[in-house]
Amino acid sequence: MNNNLLECTIREIVSKYPETEGIFNGFNIFTKEDLSQGLGDVLRLKTLLRIKKINPATFTRLLGDEIENTERNHRLSAVVINKPGVFNFVAQLPCALHLPLNYAFHDTLQRLQTEKNLQLNYYIWSCSNDILAFSDYLQHVQDIDNSPDLILTTDYNLFNKNFVRQFIEKGFYTTWLPQPVHSTLDNLGIVDTQGWYNVVAVNPVVVVIDCRQLGSLPVPKTWADLLQPEYEQLVVLNGCSGDFDDIVLLNIYKQYGDAGIAALRRSVRTGMHPSQMIKSMASNNPGRPPIYVMPYFFANTVSPPIDAKVIWMEDGTLITPLSFLVKTSKVAELQELIAYLTGPEFGRICAGAYFPALHPRVDYQLPDKACLKWLGWDYIRGQDIESLLERLNMSFIM
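Residues numbered from 1 in each chain as written. Predicted model: local features only at pLDDT ≥ 70, side-chain atom pairs only at ≥ 80, totals over all residues. Heavy atoms only, no water.

Colleague: What am I meant to see in the nonpolar core here?
Modeller: In a soluble, globular protein the nonpolar side chains are often hidden away together inside. One finds Phe 24, Phe 105 and Leu 152 to be the most contacted residues of the largest nonpolar core, which totals 136 residues. In this structure Phe 24 touches Ile 10, Ile 13, Val 14, Ile 29, Phe 30, Leu 45, Leu 48, Phe 59 and Leu 63, once residues within four positions along its chain are discounted. (Core = buried A, V, L, I, M, F, W, Y, C linked by side-chain atoms within 4.5 Å. Buried < 20%, exposed > 50% of the residue type's maximum accessible area, 1.4 Å probe, protein only. Contact = heavy atoms within 4.5 Å.)

What follows is the structure, encoded as structure tokens:
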């Protein structure tokens, strides 16, 4: 399908697959106004991607995933059983994982419904498109019977203090059977030995340099380098004013305290969605920033002739865990779904989106020189993460 899409005009793609319009808009490379002016009738996808300097393999995979996801969603709608008031399974996923995992879940849930008569109410949404705010949802769950049976996310709101005290510390949620861990990740302490969170993959955040814009400035090699005065107003973070990347803020605060957050605020010019960062690097705007902090997936969408370099920080590439909670009372009932989440097929989907999986039989998908760095369970449990993030983000109201 992907090669055929490259030969199609933009109008042919959007007309046949209306669900792809959101991807074009998300990357800010083609709009309804462009279509109305007739440009989509003559411009082929391969030409558009070449003009916008976007990796065609990655972009067409996103289109293909969205098309397949829509088709599977239509098929699944006939077999999903509604049980008002209860979510058996909720997942909030980064946009890089949302499409491939969404349709994978649809297939898996349909199979479980058909073969095992496992009837699930579920809700899967993207971190960048919250119809239901995840943090608000967790705060307003007051009864364990109304709490989801299984929750999958990279969101740090999973460590919400009230939710932890009310449900997790009381033993309502547990880890699955101990799983072997990929040797490269085994020394990170990413496995929750306290028995609450089931980590299945990690999301790396890297620094990407626009080499044309950096000029004579040295390439930053550590996170401390980015806090130096010479990088003032030269850094772009994933996020927007008052809502920046949790993992960056928390790691800088852990290592350098409020002084580090103040220095980072001085360095940061603005926040952008990673797709907007790619567009910025592809532009000829002489005033564009030279340094971008983004998830590793999006760093792999950068394509020549953009002159960019991915930096693996010497003091560690920051990671966020993709983890799930499962109710102790529901482990037996949901064992097939849990087995899928902890199995090699799920791990390969994560790794294919540049989320290294913990499963030992899944290729790691990161360069050998990549040193990973994560906050640690002791630090997370010692903080009121939600309140801390709210305070840190207040420093970045722009």
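Colleague: Can you help me understand the pattern of salt bridges in this one?
Modeller: Opposite charge on two side chains permits pairing when their charged atoms draw close. Summed over all chains, the structure comprises ten salt bridges. Two residues, Glu 7 and Lys 46, come together in a salt bridge whose shortest N-O distance is 3.2 Å. A residue pair is termed long-range when its members are at least 10 positions apart, and Glu 7 in helix α1 (residues 2-7) and Lys 46 in helix α5 (residues 45-52) qualify at 39 residues. Judged by its relative accessible area of 40%, Glu 7 is partly exposed. In this structure, the salt-bridge partner of Asp 210 is Arg 212, at a minimum N-O distance of 4.0 Å. Counted as one network, the salt bridges with shared partners bring together Asp 210, Arg 212 and Arg 288. (Salt bridge = Lys/Arg side-chain N within 4 Å of Asp/Glu carboxyl O. Helix = DSSP H or I, 4+ residues; strand = E, 2+ residues; numbered from the N terminus.)

Colleague: Please clarify how helix α17 (residues 385-394) should be interpreted in this entry.
Modeller: Residue pairs three or four apart in sequence face the same way in an α-helix, which turns once every 3.6 residues. For α17, the complete set of buried residues consists of Ile 385, Leu 388, Leu 389, Leu 392 and Asn 393. End-on view of α17: buried residues confined to an arc of 130°, all on one side of the axis. Seen from the buried face of α17, the exposed residues on the opposite side, beyond 90 degrees, are Glu 390 and Met 394. On its buried side, α17 packs onto β7 (243-244), α11 (246-267) and α16 (377-381). (Arc of directions from axis to C-beta.)

Colleague: Would you mind going over the packing of α11 against α17 with me for this structure?
Modeller: Helix-helix packing: each pair is described by the crossing angle between the helix axes and the interaxial distance. Where α11 contacts α17, the two axes come as close as 11 Å, and the packing angle between them is 70°. In terms of orientation, α11 lies roughly perpendicular with respect to α17. For the crossing formed where α11 meets α17, the hand is left-handed. For the pair α11 and α17, contact is made by Asp 246, Leu 249, Leu 250, Tyr 253, Asp 258 and Ile 261 and by Ile 385, Leu 388, Leu 389, Arg 391, Leu 392 and Asn 393, respectively. Here the contact of α11 with α17 is composed, by residue class, of eight nonpolar, one polar and three charged. (Axes fitted to C-alpha atoms, helices over the stretch in contact; angles between N-to-C directions. Parallel < 35°, antiparallel > 145°, perpendicular 65-115°, else oblique. Left-handed = near helix turned anticlockwise from the far one by under 90°. Nonpolar A, V, L, I, M, F, W, Y, C, P; charged D, E, K, R; others polar.)

Colleague: Any chance you could explain empty space enclosed by the protein here in plain terms?
Modeller: If a probe the size of a water molecule is rolled over the atoms, the empty space left behind becomes visible. Going through the model one piece at a time under the given rule, you end up with two cavities of 30 Å³ or more. Taken as a whole, the second largest cavity holds about 50 Å³ of empty space. Lining the second largest cavity are Ile 10, Val 14, Glu 21, Phe 24, Asn 25, Phe 30, Thr 31, Lys 32 and Leu 35. No other element matches the three residues that helix α3 (residues 21-26) contributes to the lining of the second largest cavity. For the lining of the second largest cavity, a count of residues per class yields five nonpolar, two polar and two charged. (1 Å grid on protein atoms, 1.4 Å probe; cavity = no way out; pocket = protein on both sides within 12 Å on 5 of 7 lines; lining within 4 Å. Points joined across faces, edges and corners; volume = space filled by probe spheres on them.)

Colleague: Before we go on, may I ask you to explain the packing of aromatic side chains in this structure?
Modeller: Centre distance and the angle of the planes are the two values used to describe a pair of aromatic rings. Applying the stated criterion across every chain, the model contains 17 aromatic pairs. Ring geometry for Phe 105 against Phe 346: centres 6.0 Å apart, planes inclined by 40°, an arrangement best described as tilted. Residue Phe 105 is found in helix α7 (residues 95-116), and its partner Phe 346 is found in helix α15 (residues 344-352); the two are separated by 241 residues along the sequence. Phe 105 gets classed as buried once you look at its relative accessible area, which sits at 0%. On the basis of an interplanar angle of 75° and a centroid distance of 5.0 Å, the ring pair of Trp 374 and Trp 377 is categorised as edge-to-face. The burial state of Trp 374 is the same as that of Trp 377; both residues are buried. Ring pairing ties together the aromatic residues Phe 159, Trp 196, Tyr 197, Trp 374 and Trp 377, which thus form one cluster. (Phe/Tyr/Trp six-rings, centres within 6.5 Å; stacked < 30°, edge-to-face > 60°.)

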